Amino acid sequence: MQSNIIDTMLNKNKSLIEEAKEQIKEVYLEDDRPWVVGYSGGKDSTVVSQIVFEALKELDSNQLHKKVYIISSDTLVETPLIIQSINTTLHRIQSEALKLGLPIETHKVKPEPEQSFWANIIGKGYPSPNQQMRWCTDRMKIDPANKFVKDKVSKFGEVIMLLGVREDESATRANVINSHTVEGKRLMKHSTLTNAYVFAPIKKFKLDDVWEYLLNNTSPWGDDNTELYKLYSDSNSGECPLVIDKTVKESAGSCGNSRFGCWTCTVVNEDKALNGFIENGEEWMRPLLEFRNWLAGIRDDRTRRMKYRMDGQIYFLNVQTEEIDEKLYAVLPKKGSRAKKVIPVDQFNLVQENELSNYLAENNIDLSAPGDDNILIEKNDGNYAQLGLGPFTMEARQEILKYLLEIQRDLNHPSDPSFELIQEEELRIIRRYWLEKGDWEDKLPEIYQEVMGYDLDWDFDDQPLFDREQITDLEILCERNNIDFKLVQKLIGIEKNYSGYKIKRGIYEEIEKALTQDYLHI
Ligand code: SF4
């Protein structure tokens, strides 16, 4: 009886697979538009890649008339064992395709070094991503994948993207897929990229169909799909799709809630990627988990953040008050890992809104410096506010880099001793950002040498502008003339960036932006 049920299930699954494969062949043969298959290492994209591979194998060699690109994203902060397995799979797919003469090409897409996780956090001081400010997916996943697709569009005119999205993943996902599908057509229009179309060959698959297929069909390039199954079964994590459609991304929620997310992901409360591996004996990854938890913990620490935005704009964060036993208290709500606090208003430095500018000047308060001056602003409308937070201070960025390098130095990757948590190219970009923002002491090479015990080959061109003594002289001069030292640093940084160019297009706009920064004029 039981074997009858299993047989029926397998037969049902077989016809679903055959149907998908037939569809894939038909769509492939329909036109000359190349395909881009998004492979994330997760179950759904593995099914798509595997069925596409099988379908191409079943076609005659003279029918294999166009390229199929299988692309994976490498955010440069992928969980070490996951990226290793993706690398191995891509390599296997490529070798097997070459052996069989299939027109498949595998590629990895990476963010520009300027847009990497570390360049943004350590270089520019971006607060680590969270649900409200999830700046990472666009910069690290969507943009690099879109760039790949756009390159192909400009070469071939149009491109078809194959995604492993399924309607039964969530009601939102089903709506997104249906709203994009033109009735009677198998292709959907890409939501943002012109001349790109989306084909979702497994959109009707249920979760059981996916696993039945993977566990009952040998991988054509020799992967062991039971390993993939184990990955999912020892955590209740989801997929982290290679998102090449922004609308699909919105319906995907956080890909950090997954074994396939970045090891640094602070978008989720608990890191499933690392925790699962450590619980399964990969103890060497524990320092990564500790670092990630620390990074999430310092995100909303006022002492490590500047008190104005990246563009110099000051803003107020309203603070609720509560009267308890005739005493007024400020209620600071819970934020991230920062607990809720109820503090008597008289424990703050109370400043009237229109007195703020004088107060900052008289007390020589630098809003970009570490620490918190504990200011509570009594606004003109009678409400209370704190100064809103901006990027990490330069000191916090240096602290993050130092800690990261320490882990890198001591990391014991069992199969890849040269594994790097931060790439040399990223360090160079961070150094450039710091120098532009006035790090005239050129701290980065110093930190690197201090932690790693050796130097990288830094460019001579980027030598510090001034020595310590000259910087002190300039600081004294600024103070004597009541000029903001950080502003002078910024202006000299802008000038330095344009030096050597005959036509300095844009320099006046940049100078004007620096001079009109809010914090200088409150
Ligand atoms: S895994 Fe987390 S950090 Fe990485 S791109 Fe997704 S949301 Fe951002």
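The rules behind each value
- Residues numbered from 1 in each chain as written.
- Predicted model: local features only at pLDDT ≥ 70, side-chain atom pairs only at ≥ 80, totals over all residues.
- Helix = DSSP H or I, 4+ residues; strand = E, 2+ residues; numbered from the N terminus.
- Buried ≥ 20, exposed ≤ 12 C-beta atoms within 10 Å, placed from the backbone.
- Contact = placed C-beta atoms within 7 Å.
- Pairing = 2+ DSSP bridges.
- Axes fitted to C-alpha atoms, helices over the stretch in contact; angles between N-to-C directions.
- Parallel < 35°, antiparallel > 145°, perpendicular 65-115°, else oblique.
- Left-handed = near helix turned anticlockwise from the far one by under 90°.
- Nonpolar A, V, L, I, M, F, W, Y, C, P; charged D, E, K, R; others polar.
- Core = buried A, V, L, I, M, F, W, Y, C linked by C-beta atoms within 7 Å.
- Expected span 1.5 Å × (residues − 1).
- Arc of directions from axis to C-beta.
- Right-handed = clockwise from strand over helix to strand, strands pointing away.
- pLDDT = per-residue confidence, 0-100.

Before going further, it helps to examine the overall build of the chain. Along the chain, the regular secondary structure elements total 18 helices and twelve strands. Residues counted as buried form 35% of the 522 residues belonging to the chain. Long-range contacts, defined here as pairs at least 24 residues apart, represent 71% of the contacts in the chain between residues at least 6 apart.

Below, the discussion takes up the sheet that holds strand 2 (residues 68-73). In space, the six strands of this open sheet follow the order 3-2-1-4-6-5, with mixed pairing throughout. Unpaired on one side and paired on the other, strand 3 (104-109) and strand 5 (187-189) mark the two borders of the sheet. Shown here is a sheet whose adjacent strand axes are inclined to one another by a mean of 30 degrees, direction ignored. In the packing of helix 2 (residues 43-58) onto the sheet, the strands contacted are strand 1 (35-38), strand 2 and strand 4 (159-162), and the crossing angle to strand 1 comes to about 145 degrees.

Looking now at the environment of Tyr197. You can see Tyr197 is positioned in strand 6 (residues 196-199). Through-space distance from the C-alpha of Tyr197 to that of Met161 is 5.9 Å; in sequence the pair is 36 residues apart. Contact partners of Tyr197, with chain neighbours within four places excluded, come to Ile160, Met161, Leu187, Met188, Lys189 and His190.

Now for the packing of helix 10 (residues 272-279) against helix 11 (residues 286-298). Put simply, helix 10 and helix 11 touch, their axes get as near as 9 Å, and they point 150 degrees apart. Overall, the two elements helix 10 and helix 11 adopt an arrangement that is roughly antiparallel. Helix 10 and helix 11 meet at a crossing whose hand is left-handed. For the pair helix 10 and helix 11, contact is made by Leu274, Asn275 and Ile278 and by Arg286, Leu288, Leu289 and Arg292, respectively.

Counting buried positions over the nine residues of strand 7 (residues 316-324) gives zero, only a small fraction of the element. Two elements, strand 7 and strand 12 (residues 384-387), share four bridges in a ladder whose sense is antiparallel. Note that in strand 12 the partner of Phe316 across the bridge is Leu387. In this structure, strand 7 lies alongside strand 8 (residues 327-332), joined through five bridges in antiparallel fashion. Within the sheet, the bridge partner assigned to Glu322 lies in strand 8 and is Tyr329. What sits between the antiparallel neighbours strand 7 and strand 8 is a turn of two residues, in which Asp325 has the positive phi angle 45 degrees.

Non-glycine residue Glu326 carries a positive phi angle of around 65 degrees. Locating Glu326 in the fold gives a position in the loop between strand 7 and strand 8. One non-glycine residue, Asn374, lies in the positive phi region at around 55 degrees. Among the secondary structure elements, Asn374 is positioned in the loop between helix 12 (356-362) and strand 11 (375-378).

So, on to the packing of helix 13 (residues 394-410) against helix 15 (residues 443-452). Orientation of helix 13 relative to helix 15, taken along the N-to-C sense of each, is 30 degrees, at an axis distance of 9 Å. In terms of orientation, helix 13 lies roughly parallel with respect to helix 15. Helix 13 and helix 15 meet at a crossing whose hand is right-handed. Only Lys443, Ile447, Tyr448, Val451 and Met452 of helix 15 make contact with helix 13, whose side of the interface consists of Gln398, Leu401, Lys402, Leu405, Glu406 and Arg409. Looking at the contact of helix 13 with helix 15, its residues break down into six nonpolar, one polar and four charged.

What follows concerns the sheet that holds strand 12. Taking strand neighbours across the sheet as the criterion, the six strands line up as 9-8-7-12-11-10 in an open arrangement whose pairing is mixed. Looking at which strands have only one partner, the edges of the open sheet turn out to be strand 9 (341-344) and strand 10 (349-352). If you compare each strand with its neighbour and ignore which way they point, the axes differ by 40 degrees on average.

Our focus in this paragraph is the nonpolar core. Core analysis: the biggest nonpolar cluster contains 87 residues, and Val36, Val37, Val52, Met161 and Leu162 have the highest contact counts within it. In this view, Val52 contacts Ile24, Val37, Val68 and Leu162; residues no more than four positions away in its chain are not counted.

Time to look at helix 2. Counted at 1.5 Å a residue, the expected span for helix 2 with its 16 residues is 22 Å, and the 23 Å between its end C-alpha atoms agrees. A large share of helix 2 lies buried, amounting to 13 of its 16 residues.

Every buried residue belonging to helix 15 is among Lys443, Leu444 and Tyr448, and all of these are buried. What you see down the axis of helix 15 is that its buried residues fit within an arc of 135 degrees, all on one side. Exposed and oriented more than 90 degrees from the buried face of helix 15 are Glu446 and Glu450. Elements in contact with the buried residues of helix 15: helix 13 and helix 14 (424-436). With its phi angle positive at about 85 degrees, Gly453 sits one or two positions after the end of helix 15.

Here we come to the pairing of strand 3. Two strands pair when backbone bridges link them, and strand 2 and strand 3 are joined in this way by six bridges, in the parallel orientation. When the bridges of strand 3 are listed, Val68 appears paired with Ile104. After leaving strand 2, the chain enters helix 3 (residues 80-100) and then returns to the sheet as strand 3, a path that is right-handed.

This brings us to the confidence of the model for the chain. Confidence in the prediction for the chain averages 86 pLDDT; 88% of positions are at 70 or higher. By mean pLDDT, the top-scoring element of the chain is helix 4 (residues 117-123) (98), and the lowest-scoring one is helix 9 (residues 246-252) (48). Counting interchain partners and residues more than four positions distant, the pLDDT-below-50 stretch residues 248-257 has 28 contacts.

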